[in-house]
Amino acid sequence: MNQEIIQAVLSLIDSIPFGHVATYGQIARLIGRPKNARLVGKILSQSELYGGKHPCHRVVNAAGRLAPGWEDQEHLLWAEGVDLKANGCVDLKVYLWER
């Protein structure tokens, strides 16, 4: 993967404020690659390979759904005051990071 894209994604993830979330598509648009939401997800799934601790738990899909198979994501968001709706999704009207 291109190191510039990786750094752009991780840098942007690091700037998501405590108690807010962003979507994969939003991150892709903000780095100038609007059609690469899946690439953002791939980078985040491998973030530990790129050093440092990144708040990847603050990224959800366009419906506010959490990453499948990552039970800790809900707990990390809850610790930041992000509540989930009855369907298990983040309420993007309340918690979406507006940049």
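What you are looking at is a predicted structure, and each value in this text was computed from that prediction instead of being measured. (Residues numbered from 1 in each chain as written. Predicted model: local features only at pLDDT ≥ 70, side-chain atom pairs only at ≥ 80, totals over all residues. Heavy atoms only, no water.)

Chemist: Tell me about the nonpolar core, residues and numbers included.
Modeler: Ranked by size, the top nonpolar core spans 16 residues in total, and within it V9, I13, I16, I27 and L44 carry the most contacts. Contributing elements (two or more residues each) for this core: α1 (3-14), α2 (24-30) and α3 (37-45). In this structure, I13 is in contact with I27, L44, H54, P55, C56 and V59, ignoring residues within four places of it in sequence. Among the nonpolar cores identified, the runner-up in size contains 8 residues, and V21, L66, L92 and Y95 belong to it. (Core = buried A, V, L, I, M, F, W, Y, C linked by side-chain atoms within 4.5 Å. Buried < 20%, exposed > 50% of the residue type's maximum accessible area, 1.4 Å probe, protein only. Helix = DSSP H or I, 4+ residues; strand = E, 2+ residues; numbered from the N terminus. Contact = heavy atoms within 4.5 Å.)

Chemist: Describe the side chain of Q26, listing the residues and the values that go with them.
Modeler: Looking at the secondary structure, you find Q26 in helix α2. Among the residues examined, Q26 registers a relative accessible area of 9% and is labelled buried. If near-sequence neighbours (up to four positions away) are discounted, Q26 is found in contact with V21, L96 and W97.

Chemist: Talk me through the environment of D72; I want residue IDs and the actual numbers.
Modeler: As for its position among the elements, D72 is in helix α4 (residues 71-79). A sequence separation of 45 residues divides D72 from I27, and the C-alpha atoms of the two residues are 21 Å apart.

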